[in-house]
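Structural features, examined
Here's the letter readout for the chains.
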Amino acid sequence: MSVWNTFLYSVPLLMTLLVHSCHLVCVEVPSDTEALHGTNMKLTCISCVKREEVNTDTMVEWTYINSDGEEISIYEYNGEPRELKGPYQGRILWNGSKDLQDVSITIVNVTLNDSGLYRCTIKRYFNYEMHRPSVTDVKEVQLTVHEDGRSFQHPRSLNTAKCTLMILNMGQMREQNHPQHDLREFSNCGLYLAPIIT
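Residues numbered from 1 in each chain as written. Predicted model: local features only at pLDDT ≥ 70, side-chain atom pairs only at ≥ 80, totals over all residues. Heavy atoms only, no water.

**Regarding the state of the cysteines**
Considering all chains together, one arrives at 2 disulfides under this definition. Between the sulfur atoms of Cys26 and its disulfide mate Cys48 the distance is 2.0 Å. In this structure, the disulfide formed by Cys26 and Cys48 twists by about -80° around the S-S bond and is classed as left-handed. Of this pair, Cys26 sits in strand E1 (residues 22-26) while Cys48 is found in the loop between strand E3 (41-43) and strand E4 (56-65), placing the two residues 22 residues apart along the sequence. Across the pair, Cys48 and Cys26 agree in class, each one buried. Sulfur-sulfur distance for the disulfide between Cys45 and Cys120 comes to 2.1 Å. An S-S torsion of about -80° defines the bridge between Cys45 and Cys120 as left-handed. Placement of Cys45 in the loop between E3 and E4 and of Cys120 in strand E9 (residues 116-126) is noted, with a sequence separation of 75 residues between them. Relative accessible area serves as the criterion here: at 1%, Cys45 is assigned to the buried category. (Disulfide = S-S within 2.5 Å. Helix = DSSP H or I, 4+ residues; strand = E, 2+ residues; numbered from the N terminus. Buried < 20%, exposed > 50% of the residue type's maximum accessible area, 1.4 Å probe, protein only.)

**Notes on the nonpolar core**
Counting 23 residues, the largest nonpolar core has Leu43, Trp62, Ile74 and Tyr118 as the members making the most contacts within it. Of all the secondary structure elements, the ones that give two or more residues to this core are E3, E4, strand E5 (71-78), strand E8 (105-107), E9 and strand E10 (134-146). Listed in part, the 5 residues of the second largest apolar core include Cys26, Val27, Val29 and Cys48. (Core = buried A, V, L, I, M, F, W, Y, C linked by side-chain atoms within 4.5 Å.)

**What about the sheet that holds strand E6 (residues 81-83)?**
Ordered by their spatial adjacency, 6 strands build an open sheet running E2-E10-E9-E4-E5-E6, and the pairing between neighbours is mixed. The open sheet has two edge strands with one neighbour each: strand E2 (34-36) and E6. On average, each strand axis in the sheet is inclined to that of its neighbour by 25°, with strand direction left out of account. Summarising the sheet, E4 and E9 pair through 10 bridges and their orientation is antiparallel. (Pairing = 2+ DSSP bridges. Axes fitted to C-alpha atoms, helices over the stretch in contact; angles between N-to-C directions.)

Listed below in structure tokens is the structure:
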């Protein structure tokens, strides 16, 4: 068998090995907190699922806390995303992932009145035979909407090249057993899932 034929037969095996050795890692990325009036604003809420939490039912509630401290429900997920009646009706889009680790929403055409505190509450119910314990995770986003671009600074300032380099080096970081806090830099790249070769 020629060298070329050997190579051709080896490629599928190599690809199979790579697929089996590659998995996705969840990175809890903080949300952007500044938006420009009239634009769409994604409120990021990511709650990574531990291995033992995979078989769960997930409920999500998004609320807005007004200046009086009153908590107003604006969106929820319970089996499916559901818009709630109120001042945000018709202005919120579901931006979550299928596995419900990312349960983000997008506010369409933000106004100055949308500035304030948003709370994302994720409750996961375990599907055990005898009982259904639950875990709750809460994320908050303090949103500031600017009237024009003069006072607006986009927080994700790392350039694309640096982020790409970080992704390529991520597998090496994992092999060297870097602690979890070393992955915080990835939040500036807007990463949710990044491939890791182990």
